[in-house]
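Chain and residue survey
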Amino acid sequence: NNREAYGRTWRRVMPVVIGLVPGVIIGTAIVAQVHPGWLRFGTYWVLLPLILVQAAGWRRPIKSERIAGLGFGGALGVLYSVTTVSGPPLAIMLNNQGLAKKDFRAALGIIRLAESSMTAVAYAYAGLYPAQSFTLIPWIVPSILLGVPLGAFVIRHVGHETFRRICMSFDAWVVAFGLSRLLKDL
């Protein structure tokens, strides 16, 4: 049963994963050329409305999922490779399609693994990793080792809709705060 669900989910997200490839390449080229402050400004202006739409619970299922998935994957690839943020649009897309909780989590995991792996390779190829970045690994790994099991525990014990709304609220606060600080700097 799990294999069947995984196969079904994989077929649904494959167009998005394929669309990620050109998006990540374009996004990496943008990162190498555009000032970071302006990248953050554009990102906040794209994400804030998406977060508010998600928090409001707006849904509109896409009928031609494969064709839309390619375009969505490309846009998601650009967004992720420019900012490493893709949660709000990805959550909106997967929620719109009415995936069951298990399928939603599987789709999210597949797409997140693909976008982060592709971006890591593209950044390495473009020479965007300074040597100092690797000194952060000992600080990041413990957070992952603690955060993943803690998140799995919390998601099992908090209602699905409550958890979604808390996450969207947190995202909205973070984006609004970041945008206000950035406007002052720009």
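An account of the accompanying structure is given in this report. (Residues numbered from 1 in each chain as written. Predicted model: local features only at pLDDT ≥ 70, side-chain atom pairs only at ≥ 80, totals over all residues. Heavy atoms only, no water.)

1. Looking at the overall build of the protein
Each helix and strand in the protein was counted, giving seven helices and zero strands. Counting helices and strands in the order they occur from the N terminus, the protein gives α-α-α-α-α-α-α. Along the first, second and third principal axes, the C-alpha set of the protein runs to 45 × 35 × 30 Å. For the protein, the residues scored as buried account for 34% of the 186 residues in total. Looking at the protein alone, contacts between residues at least 24 apart form 83% of all its contacts between residues at least 6 apart. Accessible area for the protein stands at about 11700 Å²; split by element, carbon and sulfur atoms hold 70% of it. A distance of 2 Å separates the average location of the 18 positive side-chain charges in the protein from that of its 7 negative side-chain charges. (Helix = DSSP H or I, 4+ residues; strand = E, 2+ residues; numbered from the N terminus. Buried < 20%, exposed > 50% of the residue type's maximum accessible area, 1.4 Å probe, protein only. Contact = heavy atoms within 4.5 Å. Areas by Shrake-Rupley, 256 points an atom, 1.4 Å probe, with all protein chains shown as cover. Lys, Arg positive; Asp, Glu negative; His and termini not counted. Charge placed at Lys NZ, Arg CZ, Asp CG, Glu CD.)

2. Let's talk about the environment of A106
With respect to the secondary-structure elements, A106 resides in helix 5 (residues 101-126). By relative accessible area, A106 is classed as partly exposed at 23%.

3. Observations regarding a nonpolar patch on the surface
A cluster of nonpolar side chains, contributed by Y129, F134, I137, V141 and L145, occupies part of the molecular surface with about 480 Å² of accessible area. Positionally, Y129 belongs in the loop between helix 5 and helix 6 (137-157). The class of Y129 is partly exposed, set by a relative accessible area of 34%. (Patch = residues over 30% accessible without salt bridge, like charges linked within 9 Å, V, L, I, M, F, W, Y side chains within 5 Å. Salt bridge = Lys/Arg side-chain N within 4 Å of Asp/Glu carboxyl O.)

4. Some points on the packing of aromatic side chains
Within the structure shown, the criterion is met by four aromatic pairs. Consider the rings of F41 and W45, whose centres lie 6.0 Å apart with planes at 70°: the pair is edge-to-face. Residue F41 and its partner W45 are located together in helix 2 (residues 36-56), separated by four residues, close to a single helical turn. Judged by centre distance (6.0 Å) and plane angle (55°), the rings of Y123 and Y129 are tilted. Through successive ring pairs, a cluster of aromatic residues spans W38, F41 and W45. (Phe/Tyr/Trp six-rings, centres within 6.5 Å; stacked < 30°, edge-to-face > 60°.)

5. Observations regarding the packing of helix 4 (residues 87-96) against helix 5
If you want to describe how two helices pack, look at the angle between their axes and the distance between the axes. In the contact formed by helix 4 and helix 5, the axes pass within 11 Å of each other and the chain directions differ by 140°. Considered as vectors, helix 4 and helix 5 are oriented oblique to each other. For the pair helix 4 and helix 5, the crossing hand works out as right-handed. Where helix 4 abuts helix 5, its residues G87, L90, A91, L94 and N95 lie against F104, A107, L108, I111 and R112. Its residues assigned to classes, the contact of helix 4 with helix 5 comprises seven nonpolar, two polar and one charged. (Axes fitted to C-alpha atoms, helices over the stretch in contact; angles between N-to-C directions. Parallel < 35°, antiparallel > 145°, perpendicular 65-115°, else oblique. Left-handed = near helix turned anticlockwise from the far one by under 90°. Nonpolar A, V, L, I, M, F, W, Y, C, P; charged D, E, K, R; others polar.)

6. What to know about the packing of helix 2 against helix 7 (residues 160-185)
It is at 9 Å that the axes of helix 2 and helix 7 come closest, and there the two elements cross at 150°. As judged from the angle between their axes, helix 2 and helix 7 are roughly antiparallel. Handedness of the crossing formed by helix 2 with helix 7: left-handed. Contact residues: helix 2 offers G37, R40, F41, Y44, W45, L47, L48, I51, Q54 and A55, while helix 7 offers R164, R165, M168, D171, A172, V175, G178, L179, L182 and L183. Residue composition of the contact of helix 2 with helix 7, by class: 13 nonpolar, three polar and four charged.

7. Thoughts on helix 7
An ideal rise of 1.5 Å per residue puts 38 Å on 26 residues; helix 7 measures up with 38 Å between its terminal C-alpha atoms. Along helix 7, the residues that are buried comprise R164, M168, A172, V175, G178, L179 and L182. (Expected span 1.5 Å × (residues − 1).)

8. Side note on the nonpolar core
In terms of nonpolar packing, the biggest core is built from 15 residues, with V16, F72, L76, L90, L94 and I111 touching the most fellow members. Elements represented by at least two residues in this core include exactly helix 1 (2-33), helix 3 (65-83), helix 4 and helix 5. Looking at this core, the element that brings in the most residues is helix 5, giving five residues. With residues near it in sequence (within four places) discarded, I111 still touches V13, V16, V17, L20, L76 and L90. (Core = buried A, V, L, I, M, F, W, Y, C linked by side-chain atoms within 4.5 Å.)

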